[in-house]
Structure formats: C-alpha cells, structure tokens
Amino acid sequence: MTHKVAVFAGDGIGSEVIGEALEALKVVEKRFGLSFACERALAGGCSIDAHGVALTDSALRVAKESDAVLLGAVGGPQWDDPKSSVRPEQAILGLRKELGLFANLRPVQVSRHLINSSTLKPEVLEGVDLVVVRELTGGVYYGRPSERRTGAAGREAVDTIFYTEGEVARLMRTSFELARKRRKKLTSVDKANIMATSRMWREVAHEVAKEYSDVQYEDVLVDSMSMHLIRRPRDFDVIAAENMFGDILTDEASMLAGSMGLLPSASLGEGKRGLYEPIHGTAPDIAGQDKANPLAAILSTALMLRLSFDQEQAAQTIENAVDAVLASGYRTADIAQPECRLVGCKEMGRLVREKLQQ
Ligand code: NAD
C-alpha cells in the first residue's frame, strides 16, 4: 500500500527542515518496506509570490487527495503588510478548514540529554511524556459576536465562546482514542465553576468517558492545570482542552521541553488523515544559513507514521534515532550546551539518518 503525502515546505527554514524530514522518511521507507508517494505543492508566502494567493485550488487538491500532509511553516517579514488582503497564514487556516482538522496534538517529551538546559529543575522534568489535545475550530476564536462598540458607559467590547455538543464529543473521542494507545489517562481541562460552555464541555466529556472505561479520566480546572503542569508534569498523559485554554497550555507545555526546534505537532479530523508540522515558525533570522534545527520536522514524520499510517515501530525508530543523536552530544545552535558538538541543519539530518540505518 502506498501512502500519499502532500508536502508543503512553506517559507523561511521550512524547506531546510522539511528537506531533512523527507530524507529521514526515505530511510524509514526502505527499512520498514513502506511506500510513500510524496507530492510537493506551494503554501504561504512562496505561493503568494508565484500565484498571488496563499493556497491555490490545485495545491488544496493535492492536500485533499493525500493520506497525510507534511508542512514546514509559512510567513515572513516580506509578506507582513497588515493591510494586504492576501497573507501567508491563510494557507494554514484554509488547509485546516478544508481538511476538517479540529484537534491539534502537541506531544511534549523531555529528553534526558537536554534536561539540564531547561529553566525547570531536572527532578520535575524527568520522565515527562504528555500530549495536549487542543480543540482547533471552535470557542472564542470563532464565536460571534466579537466586536468593539460604544454603549452608554463608553467603549465596550465583546467576545463569544460557543461550542456545540458535537464539537466537544468529537474532540473528546480523539483524546480518548489517543489515551488508549498511550498510558490510558485523560485529563479534561475546563472552567466549569464559572463558564456555561465549560459545564457543557464537562457533561459531554463524562458521557463520552463511559465509552472508554479502560481510560482513567479526570476533570481539572484550567487555573489549577496551569500550576500542575509545571509542578508535576510527569503525572499527565493526555490533556484535552478547548481552543483558548489549549492555546495557552500548549505554549506553557512546550517550555518543559526547552526549544521549539524540538517539538512536532499533528492536526487531526474525523478520519486518519492529519496535518503534521513542527510547532516553530519560519525563523527568518536564520533562514538559508543551515542553522535550523530539523528535529521537530523529523519528529513530525514520526507522528505521521504513528497517527495516520499506524506504523508505531517506524515512528519509535525515528524517535529513538533522534534520542541517540542527542545522546552523542550533537546539538544545533538553538539547543547548544557547553562542550556540545555544534552542527548545522544538514549535518543534524545526516546524523539522524545514520542512526536510522543502524
Ligand atoms: P519562529 O518560531 O519562526 O522563531 C522564533 C525564534 O526561534 C527565532 O529566534 C528562531 O530563529 C528560533 N527558531 C524557530 N525555529 C527554529 C528551529 N527549527 N531551529 C532553530 N531555531 C529556531 O517565530 P517568529 O519569529 O515569531 O515568526 C517568524 C515567522 O514565522 C512569522 O512570519 C510567523 O507568522 C511565522 N510562523 C508560522 C507558523 C506556522 O506556519 N505554523 C508558526 C509560527 C510562526
């Protein structure tokens, strides 16, 4: 069976890190007897330059006809005019909407080889292995009304958080399914003591939980969660949260691991197809200098293998190869430590391939 992968390298360091990710995938393809058909298309600023829009219909078709999408990152100062009606980010929003991707997964693992470079104490970080599942297409980011106006008391502003039970149920199912494949623990985050949407969120979450009696389930208020996440992060496995709570908690969680250059993410919908990308942006300050850390992009292919293609062993092989390279002391500049072996993007990619072949 051939897996079709749509590849959007994007802008800035996107093509550098995705280049290394694709090379790693080739090694895995051979080693595990898999077959990938990768088709490249433009998204973001490069598409604006070539076609005048961030995502063309034909590029979208490539994504829709694929089994998984691999994305670098989009954007950069040259397309930053706030008055422009075409913006690179429209490509990502378009892909999410058109592919129905409502759950954003951000796994956070703390490498024992990098544990001392975090701002948190090693004993807090030892063994951390969690995933935040953020609802991606609802909540305050899409609720209407969202506006400023003038009332009797002067300036007023309103935002709206709106969820349907169906939106909550599908996010919870994705989270439970994931927990089932991991350590079978799910923490649902809400603010049910204050918010009506959170009370419904909790109600629906409890209903879905009955279908997953093998998964240990708990509710935690978001304010407590922000504290527990840095006090006892090891206790969490899968954390499910609505859009804004998830947005805040994923950034907090990413700091457990240290660098953005290490963290992959997946956006999933109802089926098996997902969009996989590093959490970092296009890093214009280092683009084209062979300084980017390709590990987040390489680890994104591991997520793709695990979540879209059910190739757990191949996914773990990539993760182990990355771990082995870090164990050997090789570091890109973003994660450099005293006395490390400093390497560039290409060399880091080559080192991972070398480990993958062993
Ligand atoms: P950024 O993530 O691109 O960079 C922040 C800092 O982290 C920079 O100093 C950069 O050099 C460093 N960095 C990021 N990734 C790295 C890597 N792999 N290796 C080494 N260092 C790395 O965030 P930013 O500077 O706020 O944004 C730059 C552009 O990227 C903007 O146009 C923004 O809109 C875009 N962006 C895109 C996405 C996306 O496509 N998903 C996400 C975030 C930002």
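Source: prediction; values computed, not measured.

On to the site of the ligand. The local shell around the ligand holds 19 residues, among which Val-74, Gly-281, Ala-283, Asp-285 and Asn-293 are the closest. Measuring from a nitrogen atom of the ligand, one finds a side-chain N or O atom of Glu-277 at 3.3 Å. Gly-281 is positioned with one of its backbone polar atoms (N or O) 2.7 Å from an oxygen atom of the ligand. Across the complex, the protein chains shield 66% of the 810 Å² of accessible surface that the ligand would expose by itself. For the shell around the ligand, the residue count by class is nine nonpolar, seven polar and three charged.

Now for empty space enclosed by the protein. With the rule as written, the count across this model stands at one cavity of 30 Å³ or more. Considering the residues around the largest cavity, the lining is formed by Ile-161, Tyr-163, Met-195, Thr-197, Ser-198, Trp-201, Glu-242 and Phe-245. With three residues, helix 7 (residues 196–209) is the single largest residue contributor to the lining of the largest cavity. Looking at the lining of the largest cavity residue by residue, the class counts come to five nonpolar, two polar and one charged.

On to helix 9 (residues 243–257). Between the first and last C-alpha of helix 9 there are 22 Å, a value that for 15 residues agrees with the 21 Å anticipated at 1.5 Å per step. Within the span of helix 9, buried status applies to Asn-243, Phe-245, Gly-246, Leu-249, Thr-250, Ala-253, Ser-254, Leu-256 and Ala-257. Burial along helix 9 is one-sided: seen end-on, the buried residues are contained in an arc of 155°. A side-chain oxygen of the first residue of helix 9 lies 3.0 Å from the backbone nitrogen of Met-244; this N-cap is Glu-242.

Tallied over the full model, the rule gives four aromatic pairs. Taking 5.8 Å as the distance between ring centres and 70° as the angle between the ring planes, the aromatic pair formed by Tyr-163 and Trp-201 counts as edge-to-face. Of this pair, Tyr-163 sits in the loop between strand 7 (154–158) and helix 6 (165–181) while Trp-201 sits in helix 7; the two residues are 38 residues apart in sequence, bridging distant segments of the chain. Each member of the pair, Tyr-163 as well as Trp-201, is classed as buried. Ring geometry for Phe-176 and Tyr-212: centres 4.8 Å apart, planes at 5°, overall stacked. In this pair, Phe-176 is assigned in helix 6 and Tyr-212 in the loop between helix 7 and strand 9 (216–221), connecting sequence segments 36 residues apart. Its relative accessible area of 0% is what places Phe-176 among the buried residues. On the basis of relative accessibility, which here comes to 4%, the residue Tyr-212 falls in the buried class. Through a chain of ring-to-ring contacts, the aromatic side chains of Phe-176, Tyr-212 and Tyr-217 assemble into a single cluster. It is Arg-134 that lies over the ring of Tyr-141; its NZ or CZ is 5.6 Å from the centre.

What counts as what
- Residues numbered from 1 in each chain as written.
- Predicted model: local features only at pLDDT ≥ 70, side-chain atom pairs only at ≥ 80, totals over all residues.
- Heavy atoms only, no water.
- Near = heavy atom within 4 Å.
- Polar contact = N/O pair within 3.5 Å; in protein donor to acceptor, adjacent residues only side chain to side chain.
- Areas by Shrake-Rupley, 256 points an atom, 1.4 Å probe, with all protein chains shown as cover.
- Nonpolar A, V, L, I, M, F, W, Y, C, P; charged D, E, K, R; others polar.
- 1 Å grid on protein atoms, 1.4 Å probe; cavity = no way out; pocket = protein on both sides within 12 Å on 5 of 7 lines; lining within 4 Å.
- Points joined across faces, edges and corners; volume = space filled by probe spheres on them.
- Helix = DSSP H or I, 4+ residues; strand = E, 2+ residues; numbered from the N terminus.
- Expected span 1.5 Å × (residues − 1).
- Buried < 20%, exposed > 50% of the residue type's maximum accessible area, 1.4 Å probe, protein only.
- Arc of directions from axis to C-beta.
- Phe/Tyr/Trp six-rings, centres within 6.5 Å; stacked < 30°, edge-to-face > 60°.
- Lys NZ or Arg CZ within 6 Å of the ring centre and 35° of its normal.

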